[in-house]
Amino acid sequence: MNAGYVLRRLLGAIPLLFGISLLLFAIIHLAPGGPLDVYADNPSVSPAALEQIRKAYGLDQPVPVQYVLWLKSMVLGDWGYSIRTGRPVLQEVTERLGPTLELGGLAMLLSLAIALPLGTVSAARRHSLLDHVLTFLSFAGISLPVFWLALLLQLLFSIALGWLPSAGYQTIGGGSFGDRLAHIAMPAAVLSLATIASWSRYIRSGMVDVLNQDYIRTAYAKGLREPGVILHHALRNALIPAVTIIALDLASIISGAVITETVFAWPGIGRLFIESMDGRDYPVLMGLMMLGSLAIVLANIAADLAYATLDPRIRYD
Amino acid sequence: MTTEFSRRTALKGAFIGTAALATLRATPGWAQGRGGTLTAGLTYDIDTLNVYSTGYLGDVQAAVVEGLLAPNGQAEYVPVLATEVPTLENGGIVLTDDGKKMTVTYKLRPGVKWHDGQPFTSADVKFTWEAVKNEKFIAESKDGTEDIESIDTPDELTAICRYNTVAPDFASTLFTFGILPKHALEGKDLNTDPYNEKPLGTGPFMVKEFKRGQYVLTERNPNYWRKDDKGQALPYLDQLVFKIIPDSNTLMTQLKSGELGLVVQVPYNQAKQIEGVAGLETIKGPLLSWQHLDFNFKGPKSLQDLAVRQAIAHAMNRQTLVRAQGGFPEPIKSPVVPVFKDLYDPNTPDYPFDVAKANKLLDDAGYAKGGDGIRAKDGETLSYRIVVQAGRADDELAEQVIIAQLKAIGIAAKPDNKTGVAYREARYKGDYDLIYGRWITSADPVYSVFYGTKGANNGQGYSNPKLDEVFARLENTLDPAERKAHAAEMQKILAEDLPSIPLTTNVAVIAKTTKLKDFVPNPTNMTNFVDTSRWHLEG
């Protein structure tokens, strides 16, 4: 792996993102309705006021012209102005990015810390009672609806026990570290559960494949103990399939967790997306979707680079 | 997840139900406890705190920014920053130019101060009109600005507004929403000014902190002009906090855990949860919205046949519809909901539930039942596409009831439900045969937008010149008796020509902690927070 390769990949991402932006722009404009339709039921918004708003946001221009205007503001400026709030999109997005990264980041760290040992143990003791129990729990974890689990946790920890605040980012006017930790505990737990369940499955199956390889048998034959074999010889190779999934899941953090954020009143990107979608707030939608696309493209590059680091046989030049 | 309670789509004006009155009267003037924090839950993400550009009702703004007038709990206008409500009788309204124009004179309350200590004067009133009217200001609510020709301010406490027309609904717009501070906003760009995050008002509470997507923290205004009966300073509460909780289940959880003390919009299906929870109580009050089944006049030919529309009206059992929605809505027969005592005509003809009569109407009109039990005439089968807003559980339930009731008279209906903006587009462009939904009016209701030939909300393609003429008379008259007569004529025409079947009207379910006293529900578009200064917490 060399710097030239990374640079080429990054440069290659530019036309890709450009193409994505064209597609996204076309798609949101093809969806029925427009940003001003939210006012349609409203008995006192006059057609003249609507016309004025339409002009002010350039919605009276042909769609290709709107695209060029949007592209210009995206590349050079503040990503345009939100039709709903009248504030710069960049400001809207950065305000929500912090809480989303905190929640998503913590959930992913938790997931990795728990899924890695679970998957490894499950594979090392495959077909044991422990493996079966973990398999069962994983499927349960994947199948549980997030909102339902969230409601149960709120019922238990906020109403019955009164230990944790049921929702929100911080106490009003407060916001000490401990206070925020109490607020993030339930949403992070809910968000990581399904991830733990699915990641541990990928790690297990990768591990099972590797453990059947000849070189593992050789390692045992030369007298290595099991932890050494698994940690030094098996794990690195077993991680390669899982890395793809983990990288994409990490990228999806930035798009926010819509359901978790809504149920726990978390001021994140996911909720901003839903609010903007409901109002067809084109500039904010475009900003959010481009951010999400950028994250996916970067995560793919990062995953490719991680392969090479994990497995010396994979080389890019 | 999000409730689209667009500011003026919602509830301008209503009265309190008798049950609510009983609750309120149980707590007369006790020794009012001072202080404390009340936390209210809001279900929407606030866009801006500027009353003129928000897309929502403006609950927070109502506690912070005041207008010249405001509707009280009975939807009657009462003076706030003005000292009296201008009327023809008290000389506040004078008709000019042979009754084609009018002049409204507001006498302003002396001694009122903005949150920053500056005095409130008639210059602020004039500035508000100019600022909202300004083309560069991108606002949703400019209603009323174009009707004013000029404003004179002969002294600091008098504002004379010269209207270029007779506007019976002048009180429900401009100056009622709120007055803008001239000294802080003159020459500023209202689209981007920090005012939108931290509005400067004259109200009982001042915005201390606005965390987007989280909460708005407001604090007691120490210089508030209103005093209680004993001459003590108001408001009683130290803090009023608005917490943004988009999920209605979480809203209920927070009420039960005591993290919230007030929720002004409890969904019907969750109201039952709150009943019986210690420390919480619910209050009910009617709303100005109503549910209706509409016909598309550009659609199937059979729907243009009055007999078919009448038969469908007789097929509707409103009691079943009410039960399907938890027993909360109330049956109606006119789009003028009974809340509007001055306009509602109890003699409006109605179509009682009568399946036999409905069947006979269709039989007589020549719609014969086919082998599948569905009627047809001249090759057209009575099989319709019915649209409701997908995801609204109450509406989808009602739709099922309507489909069953139509089937009983040999009419087939297939759901073609749509979400959000797609639903609205179908509704306004007439992409349906039958549509079930709700409309809402302001406290000064205007019906020509729904049923007028050129009505902005008329997606049905309905046109009745006789009705248009009644609308024109109704909407250009200030005299209450004349308005009542015109409104009765309108209701009669609507009932006889039947473009729409009014089915049910709604109640607002408000949940609050039992500690909160002197809370007066105000389900107008000025929200429940329009008069917060006397709220206080006991125990």
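Here, every reference points to the structure presented above.
Description of the structure in this document. Computed from a prediction, not measured in an experiment: that's the story for all the values here.

## Some points on the overall build of chain A
Then comes step 1: Counting secondary structure elements, chain A contains 12 helices and 0 strands.
Then comes step 2: The order of α-helices and β-strands along chain A, N terminus first, is α-α-α-α-α-α-α-α-α-α-α-α.
Then comes step 3: Overall size of chain A, expressed as C-alpha extent along the three principal axes, is 85 × 60 × 35 Å.
Then comes step 4: Counting the 317 residues in chain A, one finds 48% classified as buried.
Then comes step 5: Within chain A, residue pairs in contact and separated by at least 24 positions form 72% of the contacts whose partners lie at least 6 positions apart.
Then comes step 6: Summed over all atoms, the accessible surface of chain A reaches about 15000 Å², with 71% contributed by carbon and sulfur.
Then comes step 7: Chain A carries 21 positive and 21 negative side-chain charges, and their two centres are separated by 10 Å.

## Here's the deal with empty space enclosed by the protein
Then comes step 1: A complete count under the given rule lists 5 cavities of 30 Å³ or more for this structure.
Then comes step 2: Size it by volume and the largest cavity reaches roughly 70 Å³.
Then comes step 3: As for the largest cavity, its lining consists of Ala167, Gly168, Tyr169, Gln170, Ile172 and Ala265 of chain A together with Gln214, Tyr215, Lys243, Ile244 and Ile245 of chain B.
Then comes step 4: Residue composition of the lining of the largest cavity, by class: 7 nonpolar, 3 polar and 1 charged.

## Concerning the sheet that holds strand 16 (residues 380–381) of chain B
All names here are of chain B.
Then comes step 1: Pairing is antiparallel across the open sheet formed by 3 strands, whose spatial order is 14-15-16. Of all the strands in the sheet, just strand 14 (368–369) and strand 16 have a single pairing partner and so form its edges.
Then comes step 2: Where strand 14 and strand 15 (residues 375–377) come together, 2 bridges link them in antiparallel fashion. Pairing of Ala368 across the sheet is with Ala376, part of strand 15.

## Details of the packing of helix 1 (residues 3–30) of chain A against helix 3 (residues 63–76) of chain A
Working note: a packed helix pair is described by the angle between its axes plus the distance between those axes.
All names here are of chain A.
Then comes step 1: With their axes 11 Å apart at the nearest point, helix 1 and helix 3 run at an angle of 130° to one another. With respect to helix 3, the element helix 1 is oriented oblique. Considering how the two elements wind past one another, helix 1 and helix 3 form a crossing that is right-handed. Residue-level inspection shows Phe18, Ser21, Leu22, Phe25 and His29 of helix 1 in contact with helix 3, the latter providing Val63, Gln66, Tyr67, Trp70 and Leu71.
Then comes step 2: Of the residues belonging to the contact of helix 1 with helix 3, the class tally is 7 nonpolar, 3 polar and no charged.

## Structural notes on the packing of helix 1 of chain A against helix 12 (residues 282–310) of chain A
All names here are of chain A.
Then comes step 1: At their nearest, the axes of helix 1 and helix 12 sit 9 Å apart, and the two run at 150° to each other. Classified by the interaxial angle, the pair formed by helix 1 and helix 12 is roughly antiparallel. For the pair helix 1 and helix 12, the sense of crossing is right-handed.

## Some words on the pairing of strand 7 (residues 158–163) of chain B
All names here are of chain B.
Then comes step 1: Of all the 6 residues making up strand 7, 5 are buried; the element is thus mostly covered by neighbouring parts of the structure.
Then comes step 2: Across 5 bridges, the pairing between strand 6 (residues 148–155) and strand 7 is antiparallel. Within strand 7, the position partnered with Ser150 by the bridge is Arg162.
Then comes step 3: Here strand 6 hands over to strand 7 after 2 residues, the two strands then running antiparallel side by side.

## Brief notes about the packing of aromatic side chains
Centre-to-centre distance and the angle between the planes together describe a pair of aromatic rings.
Then comes step 1: Applying the stated criterion across every chain yields a total of 20 aromatic pairs over all chains.
Then comes step 2: On the basis of an interplanar angle of 40° and a centroid distance of 5.8 Å, the ring pair of Tyr67 of chain A and Trp70 of chain A is categorised as tilted. Placement of the pair is Tyr67 of chain A and Trp70 of chain A together in helix 3, with a separation of 3 residues, close to one helical turn.
Then comes step 3: Summarising the aromatic geometry, the rings of Tyr106 of chain B and Phe175 of chain B are spaced 5.9 Å apart at their centres and angled 85° between planes, so their arrangement reads as edge-to-face.

## Considerations on the environment of Gln52 of chain A
Then comes step 1: Looking at where Gln52 of chain A falls in the secondary structure, it is placed in helix 2 (residues 47–56).
Then comes step 2: A relative accessible area of 17% places Gln52 of chain A in the buried class.
Then comes step 3: Residues contacting Gln52 of chain A, with those up to four places away along its chain left out, are Asn134, Glu135, Lys136, Phe137, Ile138, Ala139 and Lys142 of chain B.

## Describing the side chain of Arg271 of chain A
Then comes step 1: With respect to the helices and strands, the residue Arg271 of chain A is situated in helix 11 (residues 269–278).
Then comes step 2: For Arg271 of chain A, a relative accessible area of 3% corresponds to the buried category.
Then comes step 3: Of note is the side chain of Arg271 of chain A, whose polar atom sits 3.2 Å from the backbone oxygen of Gly213 of chain B.
Then comes step 4: Contacts of Arg271 of chain A, omitting those with residues within four sequence positions, involve Arg96, Glu261, Thr262, Ala265 and Trp266 of chain A together with Asp45, Gly213, Ile244 and Pro246 of chain B.

## As for helix 12 of chain A
Then comes step 1: For helix 12 of chain A, spanning 29 residues, the distance from its first C-alpha to its last is 41 Å, which sits close to the expected 42 Å at 1.5 Å a residue.
Then comes step 2: Most of helix 12 of chain A is tucked away, with 22 of its 29 residues classed as buried.

## Let's talk about the sheet that holds strand 4 (residues 93–96) of chain B
Residue and element names in this part refer to chain B.
Then comes step 1: Taken in spatial order, the 4 strands of this open sheet run 4-5-7-6, and their pairing is antiparallel. Bordering the open sheet on either side are strand 4 and strand 6, each of which pairs with just one other strand. Across the sheet, the axes of successive neighbouring strands diverge by a mean angle of 20°, strand direction being ignored.
Then comes step 2: Packed onto the sheet, helix 3 (residues 122–133) meets strand 6 and strand 7 and runs at close to 165° relative to strand 6.

Rules behind the numbers
Residues numbered from 1 in each chain as written. Chains lettered and ligands numbered in written order. Predicted model: local features only at pLDDT ≥ 70, side-chain atom pairs only at ≥ 80, totals over all residues. Heavy atoms only, no water. Helix = DSSP H or I, 4+ residues; strand = E, 2+ residues; numbered from the N terminus. Buried < 20%, exposed > 50% of the residue type's maximum accessible area, 1.4 Å probe, protein only. Contact = heavy atoms within 4.5 Å. Areas by Shrake-Rupley, 256 points an atom, 1.4 Å probe, with all protein chains shown as cover. Lys, Arg positive; Asp, Glu negative; His and termini not counted. Charge placed at Lys NZ, Arg CZ, Asp CG, Glu CD. 1 Å grid on protein atoms, 1.4 Å probe; cavity = no way out; pocket = protein on both sides within 12 Å on 5 of 7 lines; lining within 4 Å. Points joined across faces, edges and corners; volume = space filled by probe spheres on them. Nonpolar A, V, L, I, M, F, W, Y, C, P; charged D, E, K, R; others polar. Pairing = 2+ DSSP bridges. Axes fitted to C-alpha atoms, helices over the stretch in contact; angles between N-to-C directions. Parallel < 35°, antiparallel > 145°, perpendicular 65-115°, else oblique. Left-handed = near helix turned anticlockwise from the far one by under 90°. Phe/Tyr/Trp six-rings, centres within 6.5 Å; stacked < 30°, edge-to-face > 60°. Polar contact = N/O pair within 3.5 Å; in protein donor to acceptor, adjacent residues only side chain to side chain. Expected span 1.5 Å × (residues − 1).

Interpretation note: all reported values are geometric properties and have no functional meaning in isolation.
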